[in-house]
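# Examination of the molecular architecture
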Amino acid sequence: MAKIKGAIVVNSDRCKGCQLCIVACPQKVIAMANKVNVHGYPYVEAVNMDSCVGCASCGIVCPDGCITVYRSK
């Protein structure tokens, strides 16, 4: 059975930095960036993409729909 590899893309312009995705991620792939977006909010970014399994927990809990999850074998 092939291992599923995941990847996430965060729309940093829409992210408000609520950090719900950071708590929901079982692999600790997401962390806060040290920058702010165009609206002045700190946002999240993927920091450990090699550990992502594509579970989509981050995308499910995001209240603003800022995270897109991709999966591949």
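Quick summary incoming for the structure in this document.

Analysis parameters
- Residues numbered from 1 in each chain as written.
- Predicted model: local features only at pLDDT ≥ 70, side-chain atom pairs only at ≥ 80, totals over all residues.
- Heavy atoms only, no water.
- Helix = DSSP H or I, 4+ residues; strand = E, 2+ residues; numbered from the N terminus.
- Rg over C-alpha atoms; globule rule 2.2 N^0.38 Å.
- Buried < 20%, exposed > 50% of the residue type's maximum accessible area, 1.4 Å probe, protein only.
- Core = buried A, V, L, I, M, F, W, Y, C linked by side-chain atoms within 4.5 Å.
- Contact = heavy atoms within 4.5 Å.

Helix and strand content of the protein chain: 2 helices and 4 strands. The order of α-helices and β-strands along the protein chain, N terminus first, is β-α-β-β-α-β. Taking 73 residues into account, the globule formula puts the C-alpha radius of gyration at 11 Å, and the protein chain, at 12 Å, falls close to it. The principal-axis extents of the C-alpha atoms in the protein chain amount to approximately 45 × 20 × 20 Å.

The backbone phi angle of Q19 is positive, close to 70°, even though this residue is not glycine. By relative accessible area, Q19 is classed as partly exposed at 37%. Backbone geometry places K28, a non-glycine residue, at a positive phi of 55°. By the element assignment, K28 lies in the loop between α1 (20-24) and β2 (30-36). Given the relative accessible area of 56%, K28 is considered exposed.

Glancing now at the nonpolar core. I8, C21, I30, V44, C58 and I67 are the most contacted members of the largest nonpolar core, which totals 15 residues. Elements represented by at least two residues in this core include exactly β1 (5-10), β2 and β3 (42-46). Other than its neighbours up to four places away in sequence, V44 contacts V10, C15, C21, I22, I30, A31, M32 and A33.

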